[in-house]
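Residue-level listing of the chains:
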Amino acid sequence: MGALKSYLQDRGSLPFPSEIIGATENLRLSLISDQPGIVEFPGSPSVAVSLHVGASVAVDCRRAGMRHRGTTIHGDLEIIPPNMGGVWEIKSRDTALVIGLKLRVLHQIVQESGGDPNKLQVLNRFQARDPQIEHIGWALKAEMESGYPSGRLYTDSLATGLAARIVRYHSSLARAPRPIKAAMPGRKLKAVLAYIEDNLGRDLALGEIADAAGLSVSHFKALFRKSLGMPPHQYLIRRRVERAATQLRKGNMPIGQVALENGFCHQSHLALHTRRVLGLTPQELRNT
């Protein structure tokens, strides 16, 4: 219990220096990992946008007088309003890509649209899905880890895009959501994404992934593309590449072993896909 108490005292409103990927005038990006147990967060002046990364984790969260329980899967989103603390009980190691976005960027979006920033309230989100926010998070990570090659204008544009998305879809000023026809029901989609994430290293067949959703292969393919904007095999390859890239940057195992653990036949097979998806070789990823 003493070790747990010490750990809780260490997790504050700021990430550890080793967890910070990069920062700009308007935001900070971190890759944060927590061990199983109780995690306390006292709140932050910024809006916290947290994207779960990797294997599924059972989570029990208490925040703003509400309790949220469920299994968090890769891509699940939490949005924590400014100065709102929370307590999480996690059953296994949890990793999240966390963006701390300054409130002034959201206020600027509201002002430019003719609204009153004082009426803006960021909504408290737990286990939400927002592909656009997910794409912005990964774009920021790639840009920062590459040394900001696209310049300040690009990162400022990503910060503005993130702020606009939060204002328009995750705030008191949000637009009424449009119904999405023929998309995969949320529960089935979560089951599918969790199944893929938990089996990235295996040679997965399309039929067994469709079985995880309780759908025929043809119906599953159509609904998956409608829900995520890409076919299942493309999503699987992208997730394998992203996980391999994370392992390569840590530098803890040989490139060939990273390839095999992420479902690639050999090192050259991994290199083919890292160049196609990320524009970098495995060795270049290791050196970033």
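From a predicted model like this one, the values you see are computed outputs, not experimental measurements.

J.: For this particular structure, what's the right way to read the overall build of the protein?
T.: The helix and strand tally for the protein stands at 11 helices and 10 strands. A globule of 288 residues ought to have a C-alpha radius of gyration of about 19 Å, and the protein, at 19 Å, matches this closely. Along the longest, intermediate and shortest principal axes, the C-alpha atoms of the protein span 55 × 45 × 45 Å. Intrachain contacts of the protein at a sequence separation of at least 6 include 71% that bridge at least 24 residues. If the 37 positive side-chain charges of the protein are averaged to one point and the 25 negative ones to another, these points end up 5 Å apart.

J.: What is the right way to read the packing of helix α5 (residues 186-198) against helix α8 (residues 232-250) from this model?
T.: Where α5 contacts α8, the two axes come as close as 10 Å, and the packing angle between them is 50°. On the basis of their axis angle, the class for α5 and α8 is oblique. Read as a crossing pair, α5 and α8 show a hand that is right-handed. Residues L193, I196 and E197 of α5 lie in contact with α8, whose contacting residues are Y235, L236, R239 and R243. The residue inventory of the contact of α5 with α8, partitioned by class, reads four nonpolar, no polar and three charged.

J.: I would appreciate a short explanation of the environment of S171 in the present structure.
T.: Among the structural elements, S171 can be located in the loop between α4 (152-169) and α5. Residue classification places S171 among the buried residues on the basis of a relative accessible area of 3%. Leaving out residues up to four positions away in the same chain, S171 has contacts with L120, Q121, V122, L123 and I166. In this structure the side chain of S171 is engaged in a polar contact, spanning 3.0 Å, whose partner is the backbone nitrogen of L173.

J.: Just to check I follow, could you spell out helix α6 (residues 206-213) for this structure?
T.: The periodicity of an α-helix, 3.6 residues per turn, causes residues three or four places apart in sequence to face the same way. Along α6, the residues classified as buried are I209, A210 and A213. The buried residues of α6 occupy an angular sector of 100° when projected down its axis, which confines them to one face. Against α5 and α7 (217-228) lie the buried residues of α6. In the stretch just after α6, G214 is the one whose phi turns positive, near 70°.

J.: Can you walk me through the side chain of E78 in this structure?
T.: Among the structural elements, E78 can be located in strand β7 (residues 77-80). Residue class for E78 comes out buried when judged on its relative accessible area of 12%. A distance of 3.3 Å separates the side chain of E78 from the side chain of W88, its partner in a polar contact. Residues within four places of E78 in sequence aside, it is in contact with A48, V49, S50, C61, R63, W88, R125, F126 and Q127.

J.: Any chance you could explain the nonpolar core here in plain terms?
T.: Taken as a class, soluble globular proteins show a tendency for nonpolar side chains to be buried jointly. The biggest cluster of nonpolar side chains holds 31 residues, and the ones touching the most others in it are L101, L106, L140 and I166. At the level of secondary structure, the elements contributing two or more residues to this core comprise β2 (27-34), β4 (47-52), β7, β9 (94-101), α2 (103-112), α3 (131-145) and α4. No other element matches the seven residues that α4 contributes to this core. The contact partners of L140, leaving out residues within four places of it in the chain, are L27, L29, I99 and L158.

J.: What is the right way to read the side chain of K141 from this model?
T.: Here K141 is to be found in helix α3. In this structure, K141 is in contact with I21, L29, L97, T246 and R249, ignoring residues within four places of it in sequence.

J.: How should I be thinking about the sheet that holds strand β6 (residues 66-72) in this particular structure?
T.: Strand-to-strand pairing in sheets goes through backbone hydrogen bonds, with the strands running parallel or antiparallel. Strand order in the open sheet formed by four strands is β3-β8-β5-β6, with antiparallel pairing between adjacent strands. Because the sheet does not close on itself, it has two edges, and the strands there are β3 (37-41) and β6. Looking at each pair of strands side by side, their axes are set apart by 20° on average, direction ignored.

Calculation criteria
Residues numbered from 1 in each chain as written. Predicted model: local features only at pLDDT ≥ 70, side-chain atom pairs only at ≥ 80, totals over all residues. Heavy atoms only, no water. Helix = DSSP H or I, 4+ residues; strand = E, 2+ residues; numbered from the N terminus. Rg over C-alpha atoms; globule rule 2.2 N^0.38 Å. Contact = heavy atoms within 4.5 Å. Lys, Arg positive; Asp, Glu negative; His and termini not counted. Charge placed at Lys NZ, Arg CZ, Asp CG, Glu CD. Axes fitted to C-alpha atoms, helices over the stretch in contact; angles between N-to-C directions. Parallel < 35°, antiparallel > 145°, perpendicular 65-115°, else oblique. Left-handed = near helix turned anticlockwise from the far one by under 90°. Nonpolar A, V, L, I, M, F, W, Y, C, P; charged D, E, K, R; others polar. Buried < 20%, exposed > 50% of the residue type's maximum accessible area, 1.4 Å probe, protein only. Polar contact = N/O pair within 3.5 Å; in protein donor to acceptor, adjacent residues only side chain to side chain. Arc of directions from axis to C-beta. Core = buried A, V, L, I, M, F, W, Y, C linked by side-chain atoms within 4.5 Å. Pairing = 2+ DSSP bridges.

The quantities given are spatial measurements derived from coordinates; they are silent on function.
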